[in-house]
Amino acid sequence: MADLTPNALHDTPALIEAVFPAQKVSFEAQRERKAGPAQTLTGLGSYWKGRKPLILVRAVLLGCLLPQTDNSEKDLEIFEKLMAFDDEGLARRALIQNTLKPKEIAARINLDTPWNFFSHNIKKDDPVFYDIEAQTFPMNCAEKGINIRWRRDISEQDKLLIYHKTLNTISSYTEKASHCKRPEEVDQTWLYKPVWPAVNSHYAHLGLEASSHQELIEKLGILRFGHRPQVGDTFCGGGSIPFEAARLGCDVYASDLNPIACMLTWSAINIIGADPEQGAEIEKSQREVAEIVDKEIIRLGIEHDKYGNRAKAYLYCLEARCPETGWMVPMAPSWVISKGRSVIAKLIPDYNHKRFDIKVLSGVSATEMIAAEQGTVKDGALVYELNGKTHFTPIKTLRGDYRDLSGNTYNQLRHWEKNDFKPRQDDIFQERLYAVQWITRETLDQGRKEYFFTEATPNVIEKENAINEIVKLNLNKWQVEGLVPDMAIEPGAKTDEPIRTRGWTHWHHLFTPRQLLLLAILQKAISRSDHPEFTFYKIANTVNWICKLCLWATSPARATGGPGDNSVHVFYNQALNTPMNYASRSWIDYMSVYNKSGISNSPVSQINFKIKTINAQNIDEDIDVYITDPPYADAVHYHEITEFFIAWLRKNPPPPFDKWTWDSRRALAIKGSGDDFRRGMVDAYSAMANHMPDNGIQCVMFTHQDTAVWSDMVGIFWAAGLQVMGAWYIATETTSELKKGGYVQGTVILVLRKRSEGEKSGFKQRILPAVRNEVKTQIEQMMHLNEEVEIKMGEPVFNDSDLQMAGYAAALKVLTAYTHVGGEDVTSFALRPRQRGETTVVDEIVQQAAEAANSLLVPEGLGADTWHSVSGIQRFYLRMMDMETTGASKLDNYQNFAKAFRVTDYTKVMGNMTANKARLKRISEFSSRDLTDITEFGNSWLGRVTIGLQQLLSETEPQIVISQLQADLPEFMEIRPVLIDLLEFIQNKAPETEVREVAEILANRLRNLRALGQ
Ligand SMILES: C[S@@+](CC[C@H](N)C(=O)[O-])C[C@H]1O[C@@H](n2cnc3c(N)ncnc32)[C@H](O)[C@@H]1O
């Protein structure tokens, strides 16, 4: 460290302000997402939605700390090495992944001495042996009838060499990386071993020498800020940002209003980030707790039958009295229990008692399965048959829904009281156990367990009754001790549902007596363990899986994920839906979760970590780098739904959690998208700007939804005293089926710095030319870098959407340098209530930027004049046609460009709107309705050309087609060069050969026209 000069990089711009491999980061971020439960932090609690991908955080953080030098190309190269995106990194990742088969490698690469690396199965005495021995790669093994495999004695270096060669035969990054492990899955020291000489040489002028990311980060911090960098996230949520920053070796400050978020973040760093020794201790502690609970459950005998089989799940349903017949009817949308084993519950009328017995039948016929699928709840009504007659009563009627004079809806359900733990006899909805899934006694200790189902036998009911007695006796005591919640459910957008549909008023009402007993035993065991902090987070996980809101999945259901014949966790979606029938996992089934803690393979090293449950605007620490992912617009209602967990955790939190505020403090949460949202955000970001050194940097991530969000967000940061320095677009996720649209969502990353002190006033007319210039300079610089990288690496760094985004950033950089525009100061601008459809100065500037960028980004092969003369929809079609030739197929790209070109309805020219298989309508696919004068596309020159091409495809004479064009387009002769250019473009880019051919014919004909009328 002797040669480092603290603060030598004090004012040096960060790499992310100039370059960022957004396409590669997008690909890697999506791969991380697709890893589902295998994502590093998911094991802490899959109930927390929307954790940001760790690879994205890593890229952003490195981008903030690495300096720009005078060689952007080299800067980028080094950055990619540090992310393991470079060829060596990819080769190492592919080696560990080990999915490239030797025969595939043999077919791909040139190799003179293959048998130095591979062995084959041809024996020496086989006549073809010597023939094979003399062969070189490429080789088609199948054709030759040989099997090859890696030689056993091959060195790692040689194997890597072959992987290098193989990956070099693949041109796109995405295809290469799909043969690789994700970087975080590979041993970090080994993965990055080769990068350090290049890194150290590139930064030698700074005296920087490192042999790990942690060392590099620490030194970069000293060079920039005089100390190890302090990274902060005031909206830490599930903890991705603090966790990755800590893994990289930064000091970390994390805070969130929500104690559940803080608990997850604490656990990310201390549990997932534990070193192996600590990890072993954590696992031991968790196992011990699980065993204590297990012993108690066995002692009570509540999960065993008299033959020694042990329950895996208990299935319950609601039951209500039919107002027509007076019968008690069990309620479930389906009576199928297992599709795989053809198990159903069958309702058998008991005329004496006007109720149904429920029998569980296994291995029934297909007809019986179909009958059982009907259930007794359909389209919001109780529906069942008795004596050949179908009875139908809407659930609303059962509940006794009514409206008051102001139109508010209420119902007759009794509101449960604090000491209730099951329905009272005269409650409208009763709860009934109808089936049990058992694990056979013989397979209880085996890895592969055998299951079967039974109805609720008298023996089981007896145990349920015994449990009821225990709960009745102890509930109050447990509540006082904090082993079971006593917290009321506060009404809200999501929390209303349990109250409205079941009359449940306290959080413990969402649990059966059996669940309450089990959870009380668990809570006690944790609080008495040596290290309750190691197992505390598991309580939240457990209540998420053992609750009356857990559906029973009869087959792998896409919406819920996971296998069939299993229960589904409460937060498979982001609501608190109350199902008619539900499943409760037994302890033996859940217990295995306590036997794995998910320790990461790259522990968090010795860093300083602070965590607080505070409002973001109350930050009181100085932070060098903020990376935040704030709540925005219609995001998850964390502040409400997590009360479900807070209710369980708030009374007995062990240290260090005991110092936290165990309350959701809904009123303080930033939410919605209106004026309160903006004010909350401005206050939070102003506080952060005030707690940041002048050379500090901020990166804010937010989901790109529409331009209104953009404009709001920019206004907020601007008002908080921050200036936009860069913007990148990362395609991170596909919204789930449950959300409308199924669109790909992208994350925008805005890079911000403190605006220089003092006032700066300007007028829109004066700012606009400066905006255009800045956009032009920025895009030209990036295009230049693109050319250089493409020559060297065969693939450009930036695609058109990166350039477009850079254009926005350049424009916003100019705008946000001002404190007043047109006499209005930015704070009042940001906080002023918005009119519907209002166009703000930010919107105008962004639009200007889009236009300036668009006029520079002429699709390859099209004349600039043509590009400048065609309308938005035509630009959209041409741009996307060009992008499709490079294999682009992501819907978000189409959405973004449609916005940039101000297309009214781009869906009209789309052939496929699937998130990852989007494409334009082909020329031949447009219907005549798409091409009438009244459509945006049909009324354009390109629309006319499309009609002409379709006519040629159906063998109309070219002369007739030309005459038609002349008749339709009064300015035909003047625009003839444009039409020719469009046709040449189609001739080169259209995916179908026939279209290319007719485009060539029509282009030639038009070129040969000499005078009007010919
Ligand atoms: C989008 S989430 C952050 C997700 C996180 N980056 C992750 O990877 O999981 C936003 C967070 O902001 C928190 N929040 C909302 N209002 C807040 C406020 N006023 N102060 C601090 N945190 C707040 C929410 O509790 C939520 O955890």
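Our subject is the structure that appears above.
Let us look at the structure shown here. Everything numeric in this text was worked out from a predicted model, so none of it was measured. (Residues numbered from 1 in each chain as written. Predicted model: local features only at pLDDT ≥ 70, side-chain atom pairs only at ≥ 80, totals over all residues. Heavy atoms only, no water.)

### Observations regarding the site of the ligand
As a reminder of what qualifies: The nearness test applies per residue and asks whether one of its heavy atoms lies within 4 Å of the molecule or strand. Two N or O atoms count as a polar contact when they lie within 3.5 Å, although within protein this holds only if one can serve as hydrogen donor and the other as acceptor, and sequence-adjacent residues are included solely when both atoms are side-chain atoms. Working definition of accessibility: Shrake-Rupley area with a 1.4 Å probe, residue cover restricted to the visible protein chains. All residues other than Ala, Val, Leu, Ile, Met, Phe, Trp, Tyr, Cys, Pro, Asp, Glu, Lys and Arg, Gly among them, are scored as polar; the first ten of these are nonpolar and the last four charged.
Around the ligand there are 24 residues in total, and Lys52, Gly238, Asp256, Ala616 and Asp629 lie nearest to it. With respect to the ligand, the backbone of lysine 52 contributes an N or O atom lying 2.9 Å from an oxygen atom. One nitrogen or oxygen atom from the main chain of alanine 616 is found 2.9 Å from a nitrogen atom belonging to the ligand. For the ligand, whose free accessible area comes to 600 Å², the fraction covered by protein is 96%. When grouped by side-chain class, the residues that make up the shell around the ligand number 12 nonpolar, eight polar and four charged.

### Quick look at the sheet that holds strand 10 (residues 377-378)
Rule in force here: In this description, strands pair whenever DSSP reports at least two bridges between them. Each helix corresponds to a stretch of at least 4 residues labelled H or I by DSSP, and each strand to a stretch of at least 2 residues labelled E; elements are numbered beginning at the N terminus.
The sheet built from three strands is open, its strands ordered 10-11-12 with antiparallel pairing. If you trace the sheet from one side to the other, it starts and ends with strand 10 and strand 12 (389-394), each paired once. Note: strand 11 (residues 381-386) against strand 12, six bridges, orientation antiparallel. When the sheet's bridge partners are listed, leucine 382 is paired in strand 12 with threonine 393.

### Structural notes on unusual backbone geometry
In this structure, the amide linkage connecting phenylalanine 137 to the following residue, proline 138, adopts the cis form with an omega of 5°. The residue proline 138 is located in the loop between helix 6 (129-133) and helix 7 (141-144) in this model. Here proline 655 and proline 656 are connected by a cis peptide whose omega angle stands at 0°. Position of proline 656 relative to the elements: it lies in the loop between helix 24 (643-649) and helix 25 (675-690).

### Side note on the pairing of strand 11
Operational definition: Buried residues are those whose accessible area, probed at 1.4 Å on protein chains only, stays under 20% of the maximum for their type, while exposed residues exceed 50% and partly exposed ones sit between those limits.
Judged by how many residues are buried, strand 11 sits mostly within the fold: five of six residues are covered. Relative to strand 11, strand 10 runs antiparallel, the two being bridged by two bridges. Counterpart to valine 377 in the pairing with strand 11 is leucine 382. Two successive antiparallel strands, strand 10 and strand 11, enclose a turn made up of two residues, where aspartate 379 displays a positive phi of approximately 45°. Taking the residues that link successive antiparallel strands as the turn, the strand 11-strand 12 hairpin has two residues, and the phi of asparagine 387 there is positive, at about 50°.

### Structural notes on the packing of aromatic side chains
The following threshold applies: Any Phe, Tyr or Trp ring, taking Trp's six-membered ring, that has another such ring centre within 6.5 Å forms a pair; planes under 30 degrees apart are called stacked, those over 60 apart edge-to-face, and the others tilted.
Scanning the entire structure with this criterion turns up 44 aromatic pairs. A centroid spacing of 5.0 Å and a plane angle of 80° characterise the contact between phenylalanine 511 and tryptophan 648, whose relative ring orientation is edge-to-face. Taken together, the positions of phenylalanine 511 in the loop between helix 19 (496-502) and helix 20 (513-528) and tryptophan 648 in helix 24 put the pair 137 residues apart, joining distant regions of the chain. Judged on exposure class, the residue phenylalanine 511 and its partner tryptophan 648 are both buried. Among the aromatic residues, those joined into a cluster by ring pairs are Tyr47, Trp507, Phe511, Phe571, Phe644, Phe645 and Trp648.

Functional significance is not addressed by these values, which are geometric in nature.
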